[in-house]
Amino acid sequence: MVRYARTLFSALGLSALLMAGAAQADDDKKVSIVDDRGVTVEVPAQPKRIASISYFADDVALALGIKPVASTYMTAGREPAFLLGLTSGMKQIGQRAKPNLELLSEAKPDLIIAIRRYTVGNAAQLQNIAPYVAYNMELLEESYSETAALSTLLGKPERGEQLNADFRKHLAEFAAKAPKDKHPRFMIMWGGATPFAFHTENTSASIVAAIGGDNIPGPKTSGGEFGIDLSLETMLEKDPEVIFIYDSGPDRPHESNPIWSQLSAVKNNRVFYVGDQWVETNGPIAREIVLREAAHYLYPDTFPAVDVRAEAAKLIPAELQN
């Protein structure tokens, strides 16, 4: 009996060692991907500690049931409602345009997902901390490809495909329901003395345009930027009926310009200061919420008002919300 027990325990011990070795081997596996810089990056096959420079990776990961360990922010001290404030439980590593590399290193990530335009200059330093993958995060078509790519990278390609398919379906449904005789002139902008407005290909503007809005900055030029400085004089000439402004704080110099009060959107109380999802729109949670908000703001008699947190809760698994 003693000999049998020893043999059994020895076998179990060997099995445990083999299983541990297999797990370690899986942990050590790498896959090669090409990011939006056109750079080939070796990344873990099963990343476990994700750091997000922008809210995009937070958005995708949470929709997949994964909680990142670190995140940048858009506005200091404000946790995004469209992510249910869950970024408060992640290590804060600075503003997305200037992440703190020391704090990032302290988070010990095994994968960094970043917004390309703000991090390409620090690529070597980021790569020294952990494998670094950069996405553009600007256009609606990129939203589909980036969501699919990151979902695959995080081991849940089918879920990524489903999130994309669901959004395409919802976008078509909202467009079909929108009034066909109305095409409100709109613009999406950062506030400032000279506002910066998004071209139609930008993700949030594409969504509003897809449900019938007429974007006054129009399409971008071939190879051009996703947005443009638009003077208040030009805004008055084009006279938007609905204005979406990213709410980045109390400083609103555009409102002090006498031209501002002459705009139709201002006269008719159709200026909406919107949340982080309108700038960080490429993830599956943000774009669904922007679609619903845009539909209501453009056509309040057709689409209901939106509870951002309630909509987010439908897409983030309950186990991450507790």
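Residues numbered from 1 in each chain as written. Predicted model: local features only at pLDDT ≥ 70, side-chain atom pairs only at ≥ 80, totals over all residues. Heavy atoms only, no water.

Scanning the protein from terminus to terminus reveals 13 helices and 13 strands. If one aligns the C-alpha atoms of the protein with their principal axes, the spans along those axes are about 90 × 40 × 35 Å. When the 322 residues of the protein are sorted by exposure, 49% land in the buried category. Counting only contacts in the protein whose residues sit at least 6 apart along the sequence, the fraction spanning at least 24 positions is 63%. Working note: accessible area of the protein is about 14900 Å², and carbon and sulfur atoms make up 53% of it. Distance between charge centres in the protein, computed from 32 positive and 40 negative side chains, equals 6 Å. (Helix = DSSP H or I, 4+ residues; strand = E, 2+ residues; numbered from the N terminus. Buried < 20%, exposed > 50% of the residue type's maximum accessible area, 1.4 Å probe, protein only. Contact = heavy atoms within 4.5 Å. Areas by Shrake-Rupley, 256 points an atom, 1.4 Å probe, with all protein chains shown as cover. Lys, Arg positive; Asp, Glu negative; His and termini not counted. Charge placed at Lys NZ, Arg CZ, Asp CG, Glu CD.)

Taken together, the 5 strands give an open sheet; going across it, the order is E5-E4-E3-E6-E7, and neighbouring strands pair in parallel fashion. Two strands in the sheet have a free side with no partner beyond their single neighbour: strand E5 (91–95) and strand E7 (132–135). Averaged over all neighbouring strand pairs, the angle between strand axes comes to 20°, with direction disregarded. Two elements, strand E6 (residues 111–115) and E7, share 4 bridges in a ladder whose sense is parallel. The partner of Ile 112 across the bridge, within E7, is Tyr 132. Of the strands in this sheet, strand E3 (50–53), strand E4 (70–73), E6 and E7 touch helix H2 (residues 56–63), which is tilted by about 135° from E3. (Pairing = 2+ DSSP bridges. Axes fitted to C-alpha atoms, helices over the stretch in contact; angles between N-to-C directions.)

A separate point is helix H7 (residues 157–177). When the terminal C-alpha atoms of H7 are compared, their 31 Å separation across 21 residues agrees well with the 30 Å that a helix rising 1.5 Å per residue should span. Within the span of H7, buried status applies to Gly 160, Leu 163, Asn 164, Phe 167, His 170, Leu 171 and Phe 174. Taken down its axis, H7 places every buried residue within 130° of arc, on the same side. Opposite the buried face of H7, at more than 90 degrees from it, the exposed residues are Glu 158, Glu 161, Ala 176 and Lys 177. Its buried side turned inward, H7 meets H2, helix H6 (140–153), helix H8 (203–210), helix H11 (284–298) and helix H12 (308–315). (Expected span 1.5 Å × (residues − 1). Arc of directions from axis to C-beta.)

Our next topic: unusual backbone geometry. Residues other than glycine seldom take positive phi values, yet Lys 108 does so here, at roughly 55°. Along the chain, Lys 108 falls in the loop between helix H3 (101–106) and E6.

Okay, the packing of H8 against H11 next. Here H8 crosses H11 at 45°, and the two axes come no closer than 9 Å. Regarding the angle of H8 to H11, the classification is oblique. H11 is crossed by H8, and the crossing has right-handed handedness. Within the contact between the two elements, H8 uses Ser 204, Ile 207 and Val 208 and H11 uses Arg 287, Val 290, Leu 291, Ala 294 and Leu 298. Here the residues of the contact of H8 with H11 are counted per class, giving 6 nonpolar, 1 polar and 1 charged. (Parallel < 35°, antiparallel > 145°, perpendicular 65-115°, else oblique. Left-handed = near helix turned anticlockwise from the far one by under 90°. Nonpolar A, V, L, I, M, F, W, Y, C, P; charged D, E, K, R; others polar.)

Looking now at the pattern of salt bridges. Taken as a whole, this structure holds 12 salt bridges when the rule is applied. With a closest N to O distance of 2.7 Å, Glu 288 and Arg 292 form a salt bridge. Within this pair, Glu 288 and its partner Arg 292 are both found in helix H11, separated by 4 residues, close to a single helical turn. Judged on exposure class, the residue Glu 288 and its partner Arg 292 are both buried. Shared partners join several salt bridges into a network, and the residues in it are Glu 288, Arg 292, Glu 311 and Lys 314. (Salt bridge = Lys/Arg side-chain N within 4 Å of Asp/Glu carboxyl O.)

Once that is clear, we can look at the side chain of Asp 35. Positionally, Asp 35 belongs in the loop between strand E1 (30–34) and strand E2 (40–44). Discounting residues that sit within four places of it in the chain, Asp 35 has contacts with Val 41, Tyr 132, Val 133 and Ala 134.

Inspection of the entire model under this criterion finds 14 aromatic pairs. Where Phe 198 meets Phe 226, the ring centres are 6.0 Å apart and the plane angle is 55°; that geometry is what we call tilted. Taken together, the residues span a long stretch of sequence, with Phe 198 in strand E9 (residues 196–198) and Phe 226 in the loop between strand E10 (214–215) and strand E11 (227–229) at a distance of 28 residues. For the pair Phe 198 and Phe 226, a shared accessibility class is recorded, and that class is buried. Ring pairs connect the aromatic residues Phe 186, Phe 244, Phe 272, Trp 278 and Tyr 297, which therefore count as one cluster. Between the NZ or CZ atom of Arg 117 and the centre of the ring of Tyr 118, over which it lies, the distance is 5.1 Å. Across the ring face of Tyr 273, the terminal group of Arg 252 is positioned such that the distance to the ring centre comes to 3.6 Å. (Phe/Tyr/Trp six-rings, centres within 6.5 Å; stacked < 30°, edge-to-face > 60°. Lys NZ or Arg CZ within 6 Å of the ring centre and 35° of its normal.)

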